[in-house]
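Each chain, written out:
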Amino acid sequence: MPCFVTILVRTVADVLNCAPDEIIFTGCGSESDNLAVRGGALAAREQRGANHIVTTPIEHPAVLATARHLRDHFGFELTELPVDHEGRVNPDDVARALRPDTALVSVMYANNEIGTIQPITEIAAITRQAGVLLHTDAAQSTGKIAVDVNELGVDLLTLAGHKFYATKGVGVLYVRRGTPIAGVLAGAGQEHGLRPGTECVPLVVGLGVAAQLAGERLSQAQAHLLRMRDRLHALLQQNIPDIRLNGHPSERLPNTLHVSFPSVSGEELLRSAAADVAASVGSACHAGSHAVSGVLAALGLEPPVAAGAVRLSVGLPTTEDEIEHAAAALAAAWVRHTRKGR
Ligand SMILES: Cc1ncc(COP(=O)(O)O)c(C=O)c1O
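Reference entry: report on the structure contained in this document. (Residues numbered from 1 in each chain as written. Predicted model: local features only at pLDDT ≥ 70, side-chain atom pairs only at ≥ 80, totals over all residues. Heavy atoms only, no water.)

1. A word on the environment of Leu78
Secondary-structure assignment places Leu78 in strand S3 (residues 77-80). In the structure, Leu78 is positioned 38 residues away from Gly40 in sequence and 14 Å away in space, judged by C-alpha atoms. Leave out the neighbours within four places in its chain, and Leu78 touches His52, Ile53, Thr55, Ala67, Arg68 and Arg71. (Helix = DSSP H or I, 4+ residues; strand = E, 2+ residues; numbered from the N terminus. Contact = heavy atoms within 4.5 Å.)

2. Things to note about the site of the ligand
Around the ligand, the structure places 13 residues, and the nearest of them are Gly29, Ser30, Asp137, Gln140 and His162. Protein burial of the ligand: of its 390 Å² of free accessible surface, 86% is covered by the chains. The greatest single-element share of the shell around the ligand, amounting to three residues, is contributed by helix H2 (residues 29-48). Along the lines of polarity and charge, the residues of the shell around the ligand split into four nonpolar, six polar and three charged. (Near = heavy atom within 4 Å. Areas by Shrake-Rupley, 256 points an atom, 1.4 Å probe, with all protein chains shown as cover. Nonpolar A, V, L, I, M, F, W, Y, C, P; charged D, E, K, R; others polar.)

3. Observations concerning the sheet that holds strand S8 (residues 244-246)
Taken in spatial order, the four strands line up as S8-S9-S13-S10 in an open sheet, and their pairing is antiparallel. Each end of this open sheet is capped by a strand with a single partner; those strands are S8 and strand S10 (280-281). When strand S9 (residues 256-260) meets strand S13 (residues 309-313), the two strands line up antiparallel, connected through five bridges. Bridging across to S13, His258 finds its partner in Arg311. Against the sheet, helix H8 (residues 218-239) contacts S8, S9 and S13, and its axis sits at roughly 20 degrees relative to S9. (Pairing = 2+ DSSP bridges. Axes fitted to C-alpha atoms, helices over the stretch in contact; angles between N-to-C directions.)

4. Some remarks on the layout of surface pockets
Of the pockets and cavities examined, the largest pocket occupies roughly 350 Å³. Taken together, 18 residues line the largest pocket, and the ones lying closest to its centre are Lys144, His162, Lys163, Tyr165 and Asn255. Among the secondary structure elements, those contributing two or more residues to the lining of the largest pocket are H8 and S13. Looking at the lining of the largest pocket residue by residue, the class counts come to seven nonpolar, seven polar and four charged. Among the domains, domain 1 (3-216) and domain 2 (218-340) are the pair contributing at least three residues each to the lining of the largest pocket. Approximately 250 Å³ is the volume attributed to the second largest pocket. (1 Å grid on protein atoms, 1.4 Å probe; cavity = no way out; pocket = protein on both sides within 12 Å on 5 of 7 lines; lining within 4 Å. Points joined across faces, edges and corners; volume = space filled by probe spheres on them. Domains from an automatic or database assignment.)

5. Looking at the pairing of strand S4 (residues 102-106)
A large share of S4 lies buried, amounting to five of its five residues. In the sheet, strand S2 (residues 52-55) pairs with S4 via three bridges, with the strands oriented parallel. Paired with Val54 across the bridge in S4 is Val105. As paired strands, S4 and strand S5 (residues 133-137) are joined by three bridges and run parallel to one another. Looking across to S5, one finds that Ser106 is bridged to His135. (Buried < 20%, exposed > 50% of the residue type's maximum accessible area, 1.4 Å probe, protein only.)

6. Focus on the sheet that holds strand S7 (residues 171-175)
Pairing is mixed across the open sheet formed by seven strands, whose spatial order is S1-S7-S6-S5-S4-S2-S3. Sheet topology places strand S1 (23-26) and S3 at the edges, where each strand pairs with a single neighbour. Within the sheet, the average angular offset between the axes of one strand and its neighbour, ignoring direction, is 20 degrees.

7. A closer look at the packing of aromatic side chains
As enumerated under the stated definition, the model contains zero aromatic pairs in all. Above the face of the Phe76 ring, Arg45 is positioned so that its terminal group lies 4.0 Å from the ring centre. (Phe/Tyr/Trp six-rings, centres within 6.5 Å; stacked < 30°, edge-to-face > 60°. Lys NZ or Arg CZ within 6 Å of the ring centre and 35° of its normal.)

Shown next as structure tokens:
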């Protein structure tokens, strides 16, 4: 790659606190997850006959569906660890799940629906002692919380460019030096032989610059996101007394506010506020029935609480006026719906 790209690879490496040769560029976060889980599991099987994968039911489908595919089509055994009501994995459960033939543990750093941050450092201490690979999906974390691979102690870590203001269509997989990992695509030797195909230089450059900015403005960004998110939460609480926060109250991404509105469907509420608020619900709708998302089901939310769930998020450009406007629109939509239901 051109030499200015080499400089940007170093920038990405600096943000993650790793060496440039531990950075693999991929086509997206999903590809990084696939490479980590599939490549890590297959290499461990080849090297030491490992046949067992540990993950959680709240992972992004790029991890969870990959792990389930390895179970269903490649004969791996799979343990999906429970999470508590706030979406946290208990490191003791990881320790109990490990077996002599465990190939890989994959636990996300922060969840994409509820924002809960996992105790990755504690989990890494356990996997490292057992000699098992640890992958974490940090797609949602970069630019919002520190992502330092050495502090975290992980062997494999996923980034998705568009989550920190790079373009869509570019991702990174951090691969700790010496980590056994098999490529999942056959081809030429680009990206240390792990991701064949000619790199798209403009996308890599964009990701490098975005990573540099994310690193430089992290504490400022965190403060802004927290201020906007907590203001939104406070305004909603003022107008909707029984609104309930989902996810962990403090171990949570600063941009994420996942709440359940009482006595309404989150989907209807958002439809009613669509002219003013762009947000998504925490549940998917299938054939007219409201199926609870896998994340909310894993938290054990009661059905009416899950039905009223809405995932609100703020970004760096979000202003205080927009927060006031959004809160007023959501509160008005809630009042309209609850009056209708009486
Ligand atoms: C936690 C998490 N992992 C992986 C991905 C996939 O990233 P991409 O859209 O770049 O494939 C996303 C994006 O939605 C995500 O939120």
